[in-house]
Structures are given as C-alpha cells and as structure tokens.
Amino acid sequence: MHKNVLFSLLVMTLTIYSIRLLPFLFLKGPIRNRWFRSFLHYVPYVTLAVMTFPAILEATGNPLQGVAALIAGLLMAWFSGDLFAVSITCCVVVFLTGLIL
Amino acid sequence: MSAEASLELNKKEQPGAPKKRGAWFVHGMKNGIPIMMGYFAVSFAMGIAARGIGMNAGESFLMSLGMVASAGQFAAITLISQGAGVIEMITTTLIVNLRYFLMSCSLTQKLDPKMSPAYRFGLAYCITDEIFGLSVSVKDFLEPLYTYGITLVSVFGWCSGTVLGVLVGNILPDWAANAMSVAMYGMFLAIIIPPARKDLFIALLVGISMLASWIFSTAPVLSSISSGFRVIILTIVIAGIAALVRPVTDEDDAAAGEQADGYAEGAAEAAGKEGGHA
C-alpha cells in the first residue's frame, strides 16, 4: 500500500512539475492557436466547478450542512472574493449548522 | 544570473521597490505571510483528508512539498484512495492542474531575457494561484528571488499544515473535522466566483459545469465513471465547447487570460492588507 502511495506521489509530482515547467522551457512568444488559448482560459472554471459540486454535499456527514456551506461560500465569494475569508466562512457555517442539525 | 544582468534588473525596478536582490527576497518572504496563513488552514484540512485514506505524515509531507497544489492534491488523494492506474493519474493531474500551464505561460512574459535560464527551473516549482498572482503583479521584470521568498514562506505553511492535519487531525472532534472538510471547496469558490461575477459567460459556464457534474454523479450509467475521469471528460467537453462558442478576444489576451489579472489583484490586495498589520 505505502509503496504504491510513494510511487503514485512520484508520478503525480513529476507530472505537475512538467506542466509548470514546459511553458518556461518552450514558450518563446504568445500561444497562437485561438481555440487552444480560449480552452486554457476556461479550464480552471469548469474544473473547479465540477470538483466542488456535488462533492461539497458529501464532505460532511450531513448533505444539508453541505448545502449551507455552498450557499454561504457562493455569497461570500460573490461579495468578498477573498480566498481565506470564503474558506473560513464555509467552515464556520458547517460548525454552526452542526450545532442544530 | 551574472552581476551585469542583475544590475540591469535593478535599473528597471519601480521606485520604492527593493533595490538589492537580497531585499527582494526578504520582501517576498513578508508578502508570503498572508499566503502562508491561508495555506496552513487549507492544508490542515488536506492532512485530515490524507490521513482519512491511510496516508502517513511523511507521505503527506512529500505530497505537499512536491505538488504544492490545492485542487491537484485533493484529486491526488482521491486517486490514491481509488488505487487509480498510472494513465489515470497522469491524465487527471494534467487536466486538474492545466491552469498552472496557463500561469507559467503568462509569467514567462515577465522574465528578463538576460536572466539565467537556470531560474526557469526554480520558478516553475513556484507556480500556484497565489504565488503566481503576487509574482506577476510586479512592475517591469520579475526578480526570481522575490518569487523564491514568497514560495519559501508559503510552502512552509502548506507543508506544516498538512503534517499537523495528519498528526493531530484525529484528535480533533467530529464537529471541527467536519467544519474543516469544506475549507477546500470554499477556496475553489473563491477562485471561480469573482470572475463569474464580472463575466456572465463564466457564470453560465460554472452553473453548467456544476449541473453536469451532478448529473454524472447520480445518473445510472454515468455514475460508474470514477470522479477523476469525470473531471477530465467534463473539462475537455465543456471548456472545449466554450472555447468554440466564445473564443477569447485579443483584448482578453493582453495578459494571457483575464483570470491571471484576477488572481494578481486578489493576492496583491490580500498581501497589502496583511502587510499593514505586520
């Protein structure tokens, strides 16, 4: 099990470093292909949205707490946008709803 | 970097910015403090998740030190727990962290052509949303030691949070562990929602992505697809179609993508606020 974990970590560490390194090694100028440029532009939004929902509902024992955290997080992100503040807001909401649910 | 190139760099820096390379490093460490605090809280939750699937403190430390990625490591934990194969691990890591590719592209535009190419290998390691945000927001050319300073402090917070999460996460009561388990998602929301507020198309994209993800996780046949591949498939399809429907315009491209500016603003703002207290 743990041998596999270390092997997996090695594979993923090398992969993620390659992603970060390749542009530094090969990029002489801006990317020309418009579709690829646009695709890269939209990737983070789609990826993170897919990873957030519905996974947030299953993060705690109770899906209702997940819903509350999602709504609070959305509101906080919409009005504040500060990474740390949004993160903490979600945590606090789960804590508070945990007291009553 | 040669002394000559270094002098050249210093000439180009804005007034008020550090003049010496060592001072840039210290300046970076100071600006890294708010990032370190945010990283600590999030990586603590990461440590709890890692422990939950049976990873020990050493493995979790290596993961945080090697990957330095929130969504990426979160996906990594899921993949390890599922016993995913090498192809799935590489593909998922590529897709989930593709934004770093974009950020690296963007940061290359900030480098002094005279900078020693060796720095490129170090800077590549430093690419995260927040560190990139601070680095790309300096005026003129980027002094690599500035980025190294930010990274040193930030990665310290990232790794120590992870290890503590593994070690003492289990003595946390359920309510605290539950509360921290959503920290990661809060961070994701903080990355995708502010740009969605400014751009209705991105808001629509986020909505469609969440809906599709929900369908994929509940529909009879689709739900048998692992969550790693679900992310890959939906990202390629939805972002691919979005790129056809609304290609990025040349104005958007001024800084290799709008979101880069968003990160830069957010991070610089956060650093400014905290800097005031320090």
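Relevant structure appears above.
Small disclaimer: the values here were computed from a predicted structure and weren't measured.

A. Spatial organisation of the overall build of chain A. Each helix and strand counted, chain A has 5 helices and 0 strands in total. When the helices and strands of chain A are listed from N to C terminus, the series reads α-α-α-α-α. The buried share of chain A, taken over its 101 residues, is 50%. Counting only contacts in chain A whose residues sit at least 6 apart along the sequence, the fraction spanning at least 24 positions is 35%. If you sum the accessible surface of chain A, you get close to 4,900 Å²; carbon and sulfur atoms cover 73% of it.

B. Region of the structure containing helix H4 (residues 63-79) of chain A. With 17 residues, H4 of chain A should reach 24 Å at 1.5 Å per residue; the first-to-last C-alpha distance of 24 Å fits that figure. Among the residues of H4 of chain A, those classed as buried are Gln 65, Gly 66, Ala 69, Leu 70, Ala 72, Gly 73 and Ala 77 of chain A. Those residues of H4 of chain A that are buried lie in contact with helix H2 (34-52), helix H3 (55-59) and helix H5 (83-100) of chain A together with helix H10 (174-181) and helix H11 (183-198) of chain B. The distance from a side-chain oxygen at the start of H4 of chain A to the backbone nitrogen of Leu 64 of chain A is 2.8 Å, and the residue carrying that oxygen is Asn 62 of chain A. Trailing H4 of chain A by a residue or two, Gly 81 of chain A shows a phi angle of about 85°, which is positive.

C. Spotlight on the nonpolar core. Grouped together as the largest cluster of nonpolar side chains are 108 residues, with contacts concentrated most on Met 63 and Phe 188 of chain B. Ranked by residue count, the leading element in this core is H11 of chain B, at 11 residues.

D. Structural view of the interface of chain A and chain B. With 67 residues of chain A in contact, the opposing surface of chain B contributes 99 residues. Here chain A meets chain B over a buried area of about 7,500 Å², counting both sides, of which 76% is carbon and sulfur. For the chain A face of the interface with chain B, the top three residues by lost area are Arg 20, Phe 24 and Tyr 45 of chain A, together amounting to 12%. The tally of links between chain A and chain B comes to 0 salt bridges. Broken down by secondary-structure element, the contributors of at least two residues to the side of chain A that touches chain B are helix H1 (2-26), H2, H3, H4 and H5 of chain A.

Rules used throughout
Residues numbered from 1 in each chain as written. Chains lettered and ligands numbered in written order. Predicted model: local features only at pLDDT ≥ 70, side-chain atom pairs only at ≥ 80, totals over all residues. Heavy atoms only, no water. Helix = DSSP H or I, 4+ residues; strand = E, 2+ residues; numbered from the N terminus. Buried < 20%, exposed > 50% of the residue type's maximum accessible area, 1.4 Å probe, protein only. Contact = heavy atoms within 4.5 Å. Areas by Shrake-Rupley, 256 points an atom, 1.4 Å probe, with all protein chains shown as cover. Expected span 1.5 Å × (residues − 1). Polar contact = N/O pair within 3.5 Å; in protein donor to acceptor, adjacent residues only side chain to side chain. Core = buried A, V, L, I, M, F, W, Y, C linked by side-chain atoms within 4.5 Å. Buried area = accessible area lost by both parts, 1.4 Å probe. Salt bridge = Lys/Arg side-chain N within 4 Å of Asp/Glu carboxyl O.

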